[in-house]
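The residues making up each chain are set out below.
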Amino acid sequence: MKTPCGYCDLRVESVNGDIIDAFIRHGYALIAVNTTVNCSLLSNGSLNKKKRKFAESNDENDEEKDWVPTPKLINENDSKLTILNRLTIQISNIGQLQKILGSQNFKLYNILAVEPLNDKVLQDIVTSPSIDIITCNMKTSITPKDYTIAVEKNIYFEIFYGPMLFNSNTRQDTFTLAHLLYIKGKSKNLIITSGAANKLDIRNPHDVMNLGILLGLSRKQSSQSITQRCYSTILKSYGRKLGKSAIHLKPVNQ
């Protein structure tokens, strides 16, 4: 396991040589390439059983087994830039999360983010030890109690700035969301990501930290939003993969 360090961007929507070079040029040390799955569009219940029978009769059962696509990039780490894989799932009930956790392809991802599609599922996921990041939107109604529980469970919230660079409506929505997260939880455990789909969406870390201040974070919080808080997110995901373990330390006589 490589210890995370330097500036981080935990949501990059596309990856190629130009984007990797841009992140290195801007001084980033670690990025996470995102894949999004909308679970509400996937079949379930009796429909799923019918499709499974059809797949078995047509030798397509392997595809039916897994809801999660393979990551966009696997084990492509540059010496100057660590690249992780992130999965973002949009869910409308907690059962969809359980199916994702049982996926074989899910094991190929480093970070799990969840975007709740209703208030009920938000209340369910804030207690889940399997979630690293909660992605909120303007329709998400989070209470101070839910926010506090998520922080206690070491779950992080995110704001991504990419869309706000090119659209006045999304820019206003981002500021409003940041204000709500400040009101509900004083912007605790908040990370800032780019959501970059091309190299023009990427901003250098100092610009991101200045943006964090505009979004209501303190100078310390803004710095931590692309450093220490990202490290904690990554280390939590590493711990989830390793499972429960114990170590015994024994002093060595010199």
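The rules we used
Residues numbered from 1 in each chain as written. Predicted model: local features only at pLDDT ≥ 70, side-chain atom pairs only at ≥ 80, totals over all residues. Heavy atoms only, no water. Helix = DSSP H or I, 4+ residues; strand = E, 2+ residues; numbered from the N terminus. Buried < 20%, exposed > 50% of the residue type's maximum accessible area, 1.4 Å probe, protein only. Lys, Arg positive; Asp, Glu negative; His and termini not counted. Salt bridge = Lys/Arg side-chain N within 4 Å of Asp/Glu carboxyl O. Pairing = 2+ DSSP bridges. Right-handed = clockwise from strand over helix to strand, strands pointing away. Arc of directions from axis to C-beta. Polar contact = N/O pair within 3.5 Å; in protein donor to acceptor, adjacent residues only side chain to side chain.

On to the side chain of Lys236, then. Residue position: Lys236 is located in helix 10 (residues 228-242). Notably, Lys236 is buried but unbridged: the nearest opposite-charge side chain belongs to Asp132, and the N-O separation is 4.5 Å.

For a regular strand, the rule is simple: side chains alternate between the two faces of the sheet. Taking burial as the measure, the 11 residues of strand 2 (residues 28-38) include 9 buried ones, the bulk of the element. Relative to strand 2, strand 1 (residues 7-12) is paired through 4 bridges, and the arrangement is parallel. Along strand 2, the bridge assignment pairs Cys8 with Leu30. Crossover handedness for the path strand 1 to helix 1 (residues 17-26) to strand 2: right-handed. The pairing of strand 2 with strand 3 (residues 82-91) spans 9 bridges and is parallel. Across the sheet, the residue bridging to Leu30 is Thr82, located in strand 3.

This brings us to helix 8 (residues 205-214). In an α-helix there are 3.6 residues to a turn, and that puts residues three or four apart on one side. Buried within helix 8 are the following residues: Pro205, Val208, Met209, Leu211 and Gly212. Axial view of helix 8: buried residues confined to an arc of 155°, hence all on one face. The backbone nitrogen of His206 lies 2.9 Å from a side-chain oxygen of the residue at the head of helix 8, namely Asn204. Taken from the residues just after helix 8, Gly216 is the one with a positive phi, measuring 105°.

Counting buried positions over the 5 residues of strand 6 (residues 156-160) gives 4, a clear majority of the element. Pairing between strand 5 (residues 133-135) and strand 6: 3 bridges, direction parallel. Within strand 6, the residue paired with Ile134 across the bridge is Phe157. Between the parallel elements strand 5 and strand 6, the chain passes through helix 6 (residues 144-152) in a crossover that is right-handed. With 4 bridges joining them, strand 6 and strand 7 (residues 190-193) adopt parallel strand pairing. In the sheet register, Ile159 faces strand 7, and the bridge partner there is Ile192. Between the parallel elements strand 6 and strand 7, the chain passes through helix 7 (residues 168-185) in a crossover that is right-handed.

What follows covers the pattern of salt bridges. The final tally for this structure, using the stated rule, is 4 salt bridges. Ionic pairing is found between Arg11 and Glu158, a salt bridge with its closest N-O pair at 3.1 Å. In this pair, Arg11 is assigned in strand 1 and Glu158 in strand 6, connecting sequence segments 147 residues apart. The exposure class assigned to Glu158 is buried, which follows from its relative accessible area of 2%. Note that Lys120 is salt-bridged to Asp124, the shortest N-O span being 2.9 Å. Placement of the pair is Lys120 and Asp124 together in helix 5 (residues 119-125), with a separation of 4 residues, close to one helical turn. Exposure remark for Asp124: the relative accessible area of 26% places this residue in the partly exposed category. One salt-bridge network, held together by shared partners, links Arg11, Glu13, Arg86 and Glu158.

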